[in-house]
Amino acid sequence: MAISSSFLSPFLLILALFLLLYVSPLNQNHLPLRLSPSTPPPPPPSPPQTHLQTPLQLTPAPSPAKAERSPPLDAPPPSTTSATKPRSDSLSHFQKKSKTERIEEGLARARAAIRNAIRTQNFTSDREETYIPTGCVYRNAFAFHQSHIEMVKRFKVWAYREGEKPLVHGGPMSYIYSIEGQFIDEMERGNSIFMARHPDEAHAFFLPISITKIVNFFYRLDPWHFPLLPIFTDYVNVVATKYPYWNRSSGADHFMLSCHDWAPEIIKKDRKYFKNFIRVLCNANTSEGFIPTRDISLPEYNLKGYPKHTLGPPRLGLPPSKRTILAFFAGAAHGDIRSMLFEHWKNKDQQVQVYENLPKKKNYHKLMGQTKFCLCPSGSEVASPRVVEAMYQECVPVIISDFYTLPFSEVLDWSKFAVFIPPKRIPEIKMILEGISQRRYLMLQKRVKQVARHFELNRPAKPFDVIHMVLHSVWLRRLNIKLTHNIL
């Protein structure tokens, strides 16, 4: 039976309209996510100032390859028409991206979110936060909070598994270098939300080697020739040879952590080789090669050990109105700064109580809890556990040091909750502290209470505590670099 031309024309018109609507960009259900090949890469490193202009949201699952094997049920059939070819090219471009490129695009989105928080003075989150940092103790509270949100959402760390105990995969859990062992143990127990399941998905790489263990083990054997530098360098060479990650970044996304006084020495054998490597150190002395923009200052802890292990001192801080001691310090006599402190103040004033050996009847932490200003002088090295102990007792820390980069100073504005006295003004300590008005002191003490949570040690770690803050410092430095050598 013949079909008349009068019937065919309307039918073809309807069919053409249907096809037009089907492939139209208005029909969003049938269009995959686009990442335009012409989109420029993010600008060179400059953390909160760089951003990726494309709005593509990368999600961990399904992977691009899996998505290709299992297309959506409502996807249109394959077509060779010019209308569908751009979609195919865009999807193919996305699927061909290396793991390194996908990681870098996620970091670019984090930079954009942080930059937006700075611009809008607000932060955005898809989850309920337990803590919102406010106030002037932060250099930028909105940027810090948004950065922490992005870190929890994205940041993954791979701890290398090479090496054996006692030199690797463990460290001191108590006494003066205890934060070293506590951090290594936290990262290797497998419970941290920041641990990567595979090195290819990691943003940063942790070398779980204990400088304290190396020193304790080999120094006793030969104190004049113990091989600290060769052991550490050999470990780096092992992982650099076995994996592509160190060479990809020249070590810029790798870090180690140690509280031992000699830890800064590890890069002296080949400074050029380690020029990008991140060192997380208690001995954060800028006069000895510590670089604040690359390295990270680590708070020092003096945790009790056997038979009763603790994660911090008891909290014995009194309300400001009941603190009757102006200033307090008790500690060993080592270093020029402490020698000067003892010369001028040891056992000489009831308002500025300075002890080399605390009388047995006196309780160290109780005295700190009764004190307005806790003196934190450097010893043989710049760091001192008294900074952390002051935070636990909500006592205003008085920093007496040269060349010391204070912990988390890229986020915290220490001038807003601490007092700084140059070593040369040690004879004026009482005059300086008595010159601080009661109103000023109450403001400083209130701010100490506000930042104290960043110095709490928890196991497992909790948001905004010291372990999270250390990782956040690593995260910020990772945002400062952009990898160009791809891992497929």
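Going by the structure above, here's the rest.
Everything numeric in this text was worked out from a predicted model, so none of it was measured.

Chemist: So what's going on with the packing of helix 6 (residues 178-188) against helix 15 (residues 466-479)? Residues and values would help.
Modeler: It is the contact of helix 6 with helix 15, at a shortest axis distance of 11 Å, that shows an interaxial angle of 80 degrees. Classified by the angle their axes make, helix 6 and helix 15 are roughly perpendicular. On the side of helix 6, the interface is formed by Phe183, Glu186 and Met187, while helix 15 contributes Ile467, Val470 and Leu471. The residue inventory of the contact of helix 6 with helix 15, partitioned by class, reads five nonpolar, no polar and one charged.

Chemist: Before we move on, could you go through the layout of surface pockets and cite the residues and values that matter?
Modeler: To find leftover empty space, one rolls a probe the size of a water molecule over the atoms. The space that makes up the second largest pocket amounts to roughly 550 Å³. What lines the second largest pocket is a set of 25 residues, among which Ile176, Asn302, Pro385, Arg386 and Glu389 lie closest to the centre. Looking at the lining of the second largest pocket element by element, the count peaks at three residues for helix 12 (residues 386-392). Its residues assigned to classes, the lining of the second largest pocket shows ten nonpolar, eight polar and seven charged.

Chemist: Can you lay out the sheet that holds strand 7 (residues 352-355) for me, pointing to particular residues and giving the numbers?
Modeler: With parallel pairing, five strands are arranged side by side in an open sheet as 7-6-8-9-10. What marks the edges here is a single partner per strand, and that holds for strand 7 and strand 10 (419-420). As defined by bridge partners, strand 9 (residues 396-400) adjoins strand 10 across two bridges and the pair is classed as parallel. Bridge pairing in strand 10 links isoleucine 399 to phenylalanine 420. Strand contacts of helix 10 (residues 336-345): strand 6 (325-330), strand 7, strand 8 (371-377) and strand 9, with the helix running at about 125 degrees to strand 7, the strand carrying the most contacts. Sitting on the sheet, helix 14 (residues 438-451) is in contact with strand 8, strand 9 and strand 10, with an inclination near 95 degrees to strand 9.

Chemist: Please set out the environment of valine 396 residue by residue, giving values where relevant.
Modeler: Assignment of secondary structure puts valine 396 in strand 9. On the basis of relative accessible area, valine 396 is assigned to the buried category, the value being 0%. The spacing of valine 396 and leucine 444 is 48 residues in sequence and 6.6 Å in space, taken between C-alpha atoms. The contacts of valine 396, once residues within four sequence positions are left out, are Lys372, Phe373, Cys374, Phe417, Ala418, Val419, Tyr441, Leu444, Gln445 and Val448.

Cut-offs applied
- Residues numbered from 1 in each chain as written.
- Predicted model: local features only at pLDDT ≥ 70, side-chain atom pairs only at ≥ 80, totals over all residues.
- Heavy atoms only, no water.
- Axes fitted to C-alpha atoms, helices over the stretch in contact; angles between N-to-C directions.
- Helix = DSSP H or I, 4+ residues; strand = E, 2+ residues; numbered from the N terminus.
- Parallel < 35°, antiparallel > 145°, perpendicular 65-115°, else oblique.
- Contact = heavy atoms within 4.5 Å.
- Nonpolar A, V, L, I, M, F, W, Y, C, P; charged D, E, K, R; others polar.
- 1 Å grid on protein atoms, 1.4 Å probe; cavity = no way out; pocket = protein on both sides within 12 Å on 5 of 7 lines; lining within 4 Å.
- Points joined across faces, edges and corners; volume = space filled by probe spheres on them.
- Pairing = 2+ DSSP bridges.
- Buried < 20%, exposed > 50% of the residue type's maximum accessible area, 1.4 Å probe, protein only.

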